[in-house]
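Here is what each chain is made of, one letter per residue.
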There are 2 protein chains.
Amino acid sequence: MTLDYAILGLLSWQPFSGYDLKKVFEESPVYYWSGNNNQIYRTLLDLHRDGLVTKEVIPQENLPARKVYRSTPQGEALLRQWVLTIPELPQRKHAFLLQLGWADRLSPTELDALLEQYQEEMQALAVIARARSTNNPHQPSRTTREALLWQAIGTNWVLFYENEVSWAHDLRTQLQSLETANTGT
Amino acid sequence: MTLDYAILGLLSWQPFSGYDLKKVFEESPVYYWSGNNNQIYRTLLDLHRDGLVTKEVIPQENLPARKVYRSTPQGEALLRQWVLTIPELPQRKHAFLLQLGWADRLSPTELDALLEQYQEEMQALAVIARARSTNNPHQPSRTTREALLWQAIGTNWVLFYENEVSWAHDLRTQLQSLETANTGT
DNA sequence: CAGATCATGTAACTGGTTACATGATTCA
DNA sequence: TGAATCATGTAACCAGTTACATGATCTG
């Protein structure tokens, strides 16, 4: 799994509490996980048990104590080791493609409506991704190189969505010309 | 979940046994799942229990009986309903991007090696995807339109990988020019 | 003789999601 | 008054993977 490394990375940059992390996961598209408590709190316990992070308990009046985690040298070492690891292949779960595969039973109008909706959703996500890649507080830029890297990560998401947009657009025009070819005869 | 619809789709096209389906999932990149028995056999039982498919048991000498499934009118109706459903957003699990986010602790050589490897892997997958999109027995083409749709599905995968290739390439040249800018001063 | 292919299936586990629980404080 | 924010955590569940088990037959 990668959630532990994702958290370890963030903690190697800044101290965070579980609650903070949850918000990072919710707000940043790079951290694709559904900001869900369960895993975050449990991984923090694991990381702490393994000596990869330290835990500082900060009591608060009338609120549960904040537990702030920081990475240790062992954590840093493990992180560096992971970063050098051979790259994992990106995985896509593209249910819509399967849906399309059996969409020949739809009328031309129904099919185009489906694709139009998809195209618009992807367009919207591209816009959001572009906006967020420019101003995102959840990414470090301690050096020019690090800023460039995070810039590239943002760009990757933008390109991904834009790719889908133009693909959907192309398919729609292809379908349309096929339609006119059929009726025009 | 979508595995049930994926199977229902295939069965609406051709009769398949669990074993057949397993191979389809293994061989086709569109059906991203790891051709794993457990889920396939269990979904088939579920689909049959719900009257969406029929089961025909074909005894064989010295081999376990083949159980061949076919979709029923109810299955076809449910499939059509699903196909009309609002498109699900594609999900990416891109661990490598996270890895990159913390890769500023690597030397320029280490970092470039990582990206080079990624680029090559994506290039290889693009080639495979392109080859498979042209000759794939696991996709129906009962009409021109259906053939076009499956063609588009294949193209989507190719574009996805090619997109990653050019992204990685761009990033590498950016990093390199940053390097020479630094050392050149 | 070892390993692949045909064909079924089950057990155990990991990863991830949703929903629940507590309880004070602030804001509309 | 109802919802959001701060901050912790647990329970129950679903999806998906790996590995195991059987046993004949074919291929290198």
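The rules we used
Residues numbered from 1 in each chain as written. Chains lettered and ligands numbered in written order. Predicted model: local features only at pLDDT ≥ 70, side-chain atom pairs only at ≥ 80, totals over all residues. Heavy atoms only, no water. Helix = DSSP H or I, 4+ residues; strand = E, 2+ residues; numbered from the N terminus. Buried < 20%, exposed > 50% of the residue type's maximum accessible area, 1.4 Å probe, protein only. Contact = heavy atoms within 4.5 Å. Areas by Shrake-Rupley, 256 points an atom, 1.4 Å probe, with all protein chains shown as cover. Buried area = accessible area lost by both parts, 1.4 Å probe. Salt bridge = Lys/Arg side-chain N within 4 Å of Asp/Glu carboxyl O. Domains from an automatic or database assignment. Polar contact = N/O pair within 3.5 Å; in protein donor to acceptor, adjacent residues only side chain to side chain. Axes fitted to C-alpha atoms, helices over the stretch in contact; angles between N-to-C directions. Parallel < 35°, antiparallel > 145°, perpendicular 65-115°, else oblique. Nonpolar A, V, L, I, M, F, W, Y, C, P; charged D, E, K, R; others polar. Pairing = 2+ DSSP bridges. Least-squares fit on C-alpha atoms with pLDDT ≥ 70 in both. Core = buried A, V, L, I, M, F, W, Y, C linked by side-chain atoms within 4.5 Å.

Student: Please explain the overall build of chain A as it appears in this structure.
Tutor: Looking only at helices and strands, one finds 7 helices and 4 strands in chain A. When the helices and strands of chain A are read in sequence order from the N terminus, they spell out α-β-α-α-β-β-α-β-α-α-α. Summarising its shape, the C-alpha atoms of chain A cover approximately 75 × 40 × 30 Å along the three principal directions. Within chain A, the proportion of its 185 residues that are buried is 46%. Taking the contacts inside chain A whose residues are at least 6 apart along the sequence as the reference set, 57% of them involve residues at least 24 apart. Element-wise, carbon and sulfur atoms account for 53% of the exposed surface of chain A, whose accessible area totals about 9,100 Å².

Student: Explain the interface of chain A and chain B to me, please; I cannot follow it from the model alone.
Tutor: By a frequent convention, interface size equals the accessible area lost on bringing the separate parts together. Taken together, the contacts link 71 residues of chain A with 71 residues of chain B. Of all residues in chain A, A:Arg92, A:Trp102 and A:Arg145 bury the most surface against chain B, accounting for 12% of the area lost on that side. For the pair chain A and chain B, the number of links is 6 salt bridges. Among the salt bridges present, the one from A:Glu110 reaches B:Arg80, with a minimum N-O distance of 3.0 Å.

Student: Just checking my understanding: could you explain unusual backbone geometry for this structure?
Tutor: Most peptide bonds are trans, and most residues other than glycine sit at a negative phi. You will see that A:Asn62, though not glycine, has its phi angle at about 60°, which is positive. By the secondary structure assignment, A:Asn62 is in the loop between strand 2 (53-60) and strand 3 (63-71).

Student: Could you clarify how one ought to interpret the domain arrangement of chain A in this entry?
Tutor: All names here are of chain A. Taken domain by domain, chain A holds domain 1 (3-83) and domain 2 (95-183). Placing a centre on the C-alpha atoms of domain 1 and another on those of domain 2 gives a separation of 32 Å. The interface of domain 1 with domain 2 comprises 8 residues on the first partner and 10 residues on the second. Counting each side, the surface lost to burial between domain 1 and domain 2 is near 880 Å², with a carbon and sulfur contribution of 65%. Taken as a group, Trp13, Pro29 and Val30 account for 59% of the area that domain 1 buries against domain 2, more than any other trio of residues on that side. Put simply, domain 1 and domain 2 have 0 salt bridges between them. Counting every contact that joins domain 1 to domain 2 gives 2 residue pairs in polar contact (both at pLDDT 80 or more).

Student: Please explain the packing of helix 1 (residues 3-13) of chain A against helix 3 (residues 37-49) of chain A as it appears in this structure.
Tutor: Relative orientation and spacing of two packed helices are given, respectively, by the angle between their axes and the distance between those axes. Residue and element names in this part refer to chain A. One way to put it is that helix 1 packs onto helix 3 with a least axis distance of 10 Å and a crossing angle of 75°. One way to sum up the angle between helix 1 and helix 3 is to call them roughly perpendicular. Residues Leu3, Asp4, Ile7, Leu8 and Leu11 of helix 1 form the contact with helix 3, whose participating residues are Gln39, Ile40, Thr43, Leu44 and Leu47. Broken down by class, the residue content of the contact of helix 1 with helix 3 amounts to 7 nonpolar, 2 polar and 1 charged.

Student: In this structure, what is going on with the pairing of strand 2 of chain A? I would like to understand it.
Tutor: Regular strands have side chains that alternate between both faces of the sheet. By the bridge criterion, 7 bridges tie strand 2 of chain A to strand 3 of chain A in an arrangement that is antiparallel. In the sheet register, A:Val53 faces strand 3 of chain A, and the bridge partner there is A:Ser71.

Student: I'm lost on the relation of the copies chain A and chain B in this one. Help?
Tutor: For these two chains of identical sequence, chain A goes onto chain B by a turn of 180° and a shift of 0.0 Å along the axis, with RMSD 0.1 Å. Here the two chains are linked by the operation of a two-fold rotation axis. For chain A, the smallest separation between a C-alpha atom and the rotation axis is recorded for A:Arg92, amounting to 2.3 Å. Most of the interface of chain A is mirrored in chain B, where 100% of its interface residues are also at the interface.

Student: Is there a simple way to think about the nonpolar core in this case?
Tutor: Nonpolar side chains in soluble globular proteins tend to be buried together. Judged by nonpolar contacts, the single largest core of 105 residues is most densely connected at A:Tyr31, A:Leu100, B:Tyr31 and B:Leu100. Those residues in contact with A:Leu100 that lie beyond four places of it in its chain are A:Leu111, A:Leu115, A:Trp167, A:Leu171, B:Leu149 and B:Ile153.

Student: How should I be thinking about the sheet that holds strand 1 (residues 16-17) of chain A in this particular structure?
Tutor: Each strand in a sheet pairs with its neighbour through backbone hydrogen bonds, running either in the same direction (parallel) or in the opposite one (antiparallel). Taking strand neighbours across the sheet as the criterion, the 3 strands line up as 1-3-2 (chain A) in an open arrangement whose pairing is antiparallel. Of all strands in the sheet, those bounded by a partner on one side alone are strand 1 and strand 2 of chain A.

Student: Looking at this structure, I do not really get the environment of A:Thr173. What am I missing?
Tutor: Residue and element names in this part refer to chain A. You can see Thr173 is positioned in helix 7 (residues 144-183). Note on Thr173: relative accessible area 39%, which makes it partly exposed. For the pair Thr173 and Asp112, spaced 61 residues apart in sequence, the C-alpha to C-alpha distance is 9.6 Å.

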